[in-house]
Amino acid sequence: MKRQVPSKEVKEAVLSRLVDRGVTIEDIAEIVYIMQAPYNVGIKKSACMDSVRAVLEKREVQHAILVGTELDRLAEEGMLSEPLQSIVESDEGLFGCDETLALGSVFGYGSIAVTTFGHLDKQKIGVIKRLDTKQGNAIHTFLDDLIASVAASASSRLAHRLRDELEAENERAAKEGRIQKTQDKNN
Ligand code: MG
């Protein structure tokens, strides 16, 4: 019988893989903060961290990270066969499988996630910029897109959560006859 891999094992592999590849939850949360701060004044870094952690709980996201970072790692070791080795190694602009793999897991988080992913893919904010800049033998062809995907999903998730919290607070305020709050701008 084939082995059914326990979820816990997959999750732990993903978290340690991110560490191995030089990305922390704080790095991803930083991008979420930059994306959401203009729309939610007073947003907390800890809320961004929680949102990133929640996205990393998703199996679809975990699998994409394992596949993409494995290919990056194998390319670093020169283990892929040609012509894929050269394509991944050079981060060939027309390759596109890195974006496609990463994009697949943002759809579950709605349109804000999709548009934020597109924005991050172009603007390369925070750790994405560092990953995209070639340093020594490191290859992050897949990782930069995967991080953009996690950050985009976590941003969208947080935007929806904050609206829910605001509405719940307003309902309480209305009941108690207090003044209602508004969100600074809508996403
Ligand atoms: Mg890429």
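Every value quoted in this text rests on a predicted model; they were computed, and no experiment measured them. (Residues numbered from 1 in each chain as written. Predicted model: local features only at pLDDT ≥ 70, side-chain atom pairs only at ≥ 80, totals over all residues.)

Undergrad: What exactly am I supposed to notice about the environment of Ile87 here?
TA: Structurally, Ile87 can be placed in helix H5 (residues 84-90). As a C-alpha pair, Ile87 and Ala75 span 12 residues in sequence and 9.3 Å in three-dimensional space. Discounting chain neighbours no more than four positions away, the residues touching Ile87 are Glu92 and Phe95. (Helix = DSSP H or I, 4+ residues; strand = E, 2+ residues; numbered from the N terminus. Contact = placed C-beta atoms within 7 Å.)

Undergrad: Would you take a moment to explain the environment of Thr116 for this structure?
TA: Counting through the fold element by element, Thr116 comes out in helix H7 (residues 110-123). Assessed through the 26 C-beta atoms surrounding it within 10 Å, Thr116 is described here as buried. For the pair Thr116 and Ser156, spaced 40 residues apart in the sequence, the C-alpha separation amounts to 8.0 Å. Setting aside residues up to four positions removed in sequence, Thr116 forms contacts with Met35, Ala152, Ser155 and Ser156. (Buried ≥ 20, exposed ≤ 12 C-beta atoms within 10 Å, placed from the backbone.)

Undergrad: I'm lost on helix H9 (residues 143-176) in this one. Help?
TA: For the α-helix, the turn length of 3.6 residues means that residues three or four positions removed from each other point alike. Its 34 residues place the ends of H9 49 Å apart at the C-alpha level, agreeing with the 50 Å of an ideal helix rising 1.5 Å per residue. One or two residues past the end of H9 sits Gly177, with phi positive at roughly 75°. (Expected span 1.5 Å × (residues − 1).)

Undergrad: Where do I start with the environment of Ser153 in this structure?
TA: When you line up the elements, Ser153 lands in helix H9. Separated by 118 residues in the primary sequence, Ser153 and Met35 place their C-alpha atoms 11 Å from one another. Setting aside anything within four residues of it in sequence, one finds Ser153 in contact with Val55, Ser105, Val106, Tyr109 and Ala113.

Undergrad: Honestly, the nonpolar core in this entry has me stumped. Any pointers?
TA: Here is a general trend for soluble globular proteins: nonpolar side chains tend to be buried in one another's company. One finds Ile28, Val32, Ile147, Val150, Ala151 and Ala154 to be the most contacted residues of the largest nonpolar core, which totals 41 residues. Sorting the residues of this core by element identifies helix H1 (7-20), helix H2 (25-36), helix H3 (45-55), helix H4 (59-76), helix H6 (97-104), H7, helix H8 (127-132) and H9 as the ones contributing at least two each. Ranked by residues supplied to this core, first place goes to H9 with 10 residues. (Core = buried A, V, L, I, M, F, W, Y, C linked by C-beta atoms within 7 Å.)

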